[in-house]
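Analysis of the macromolecular model
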Amino acid sequence: MSTRTPTAKRQVSRAPAQAAAAVAIETARPDRKQAILLAAEKLFSQHGYHAVTIRQIAEEAGVPLALVGYYYGQKHELFHAIFEHWGHSIEARLAGLAAVNIDPDDARTLPRIIDAFTAPVLALRASAEGEYYALLVARELYHATEEADRVLRAYFDPLAEAYIDALHLAMPHATRSQAAWGYQFALGSLLHHLNDSRIERLSRGENTRADPAVAPMLVNFIVGGLRAALPRPKAAKPSQKKTTPRRQKT
């Protein structure tokens, strides 16, 4: 009999034991769970969901491979966990919208709606803790992948519906379908601003990517575009009645 077979069996049997030991040790290291989430955000935002493996995420987070599955399950579950973690950013945008007094006759209404839509995202992009998440949103929501569509439906469609309704109320002369187009155009401007780096080259080094200082300019751009695309109908001029001159009695 070969003496190598028992040794090989012992080596194979160690793998589950090592994974179990790693998980047991991890109960004293809850910070690793957050590290996995941050690593996934970073890699997904830089390379895309499908280009990143669980092993790469574990290496980026500096944790054993088994811990990724222990905390988050499969890759698509980890992807969804990122958006669940940042759900409060969507709530902030909805709260900002709810605070707007929507008066279609007030010229300040539309800029306030757009500011509530863009400001929390720009602040997130400018923060150290939210930078990769904002980039992930800008990157993944541009691509019609199956996982991105699931995220859109679960987390972002309710937000979109609320803002489309608000735009329709603020511009009642437009149809809701036109307001939906307006929302899509506004979203495109915001996502491009978050994700684009070419502005640094095109401005010859004067501008920086996703500069939060240009937030008012972005709001004005979107508002101007909406008003140009969906103008109020011009008020009809009051008709002047023709009067027949009276004949003078002779």
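Our structure's up above, just so we're on the same page.
Quantities reported herein were computed from a predicted structural model and do not represent experimental measurements.

**Thoughts on the overall build of the protein**
When helices and strands are tallied, the protein shows twelve helices and zero strands. Listed N to C, the secondary structure of the protein is α-α-α-α-α-α-α-α-α-α-α-α in terms of helices and strands. Long-range contacts, defined as pairs at least 24 residues apart, comprise 70% of the intrachain contacts of the protein with a sequence gap of at least 6. When the accessible surface of the protein is summed, it comes to about 15,900 Å², and 55% of that surface belongs to carbon and sulfur atoms.

**Here we look at the nonpolar core**
Of all hydrophobic cores here, the largest spans 62 residues; its most connected members are Ile36, Phe44, Ile57, Ile82, Phe83 and Phe156. When residues of this core are assigned to their parent elements, the largest contribution, ten residues, is made by helix H9 (residues 146–170). Setting aside residues no more than four positions away along its own chain, Phe156 makes contact with Phe83, Ile90, Tyr133, Val137, Leu141 and Val151.

**Overview of the layout of surface pockets**
Space inside the largest pocket adds up to approximately 520 Å³. Leu141, Leu152, Tyr183, Gln184 and Leu187 are, among the 26 residues lining the largest pocket, the residues nearest its centre. Among the secondary structure elements, those contributing two or more residues to the lining of the largest pocket are helix H6 (87–98), helix H7 (109–126), helix H8 (131–140), H9 and helix H10 (176–195). At eight residues, the largest contribution of residues to the lining of the largest pocket is made by H10. Its residues assigned to classes, the lining of the largest pocket comprises 20 nonpolar, three polar and three charged. Taken as a whole, the second largest pocket encloses approximately 440 Å³ of empty space. When contributions to the lining of the second largest pocket are tallied by element, the ones reaching two or more residues are H10, helix H11 (198–202) and helix H12 (215–229). The class makeup of the residues in the lining of the second largest pocket is seven nonpolar, five polar and three charged.

What counts as what
As a convention, each chain's residues are numbered from 1 in the sequence order in which they are written. The predicted nature of this model means local features are confined to residues of pLDDT at least 70 and side-chain atom pairs, given and counted, to a pLDDT of 80 or more, with totals for whole chains, interfaces and linings taken over all residues. The basis for the side-chain values is all heavy atoms of the structure; hydrogens and waters are excluded. In DSSP terms, a helix is any run of H or I states spanning at least four residues, a strand is any run of E spanning at least two, and both are numbered starting from the N terminus. We call two residues in contact when some of their heavy atoms are within 4.5 Å. Residue burial considers only the protein chains on display, and all accessible areas are found by Shrake-Rupley using a 1.4 Å probe. Take the buried residues of types Ala, Val, Leu, Ile, Met, Phe, Trp, Tyr and Cys, join any two whose side-chain atoms come within 4.5 Å, and each joined set is a nonpolar core. Relative accessibility decides the category of a residue: with a 1.4 Å probe and only protein chains considered, values under 20% of the type maximum give buried, values over 50% give exposed, and everything between is partly exposed. Cavities and pockets are defined on a 1 Å grid built over the protein atoms alone: a cavity is a set of grid points where a 1.4 Å probe fits but cannot escape, while a pocket is an open set with protein on both sides within 12 Å along at least five of seven lines, and lining residues are those with an atom within 4 Å of any such point. Grid points are joined across faces, edges and corners, and a volume is the space filled by probe spheres set on the points. Each residue is assigned to one of three groups, with Ala, Val, Leu, Ile, Met, Phe, Trp, Tyr, Cys and Pro labelled nonpolar, Asp, Glu, Lys and Arg labelled charged, and all others, Gly among them, labelled polar.

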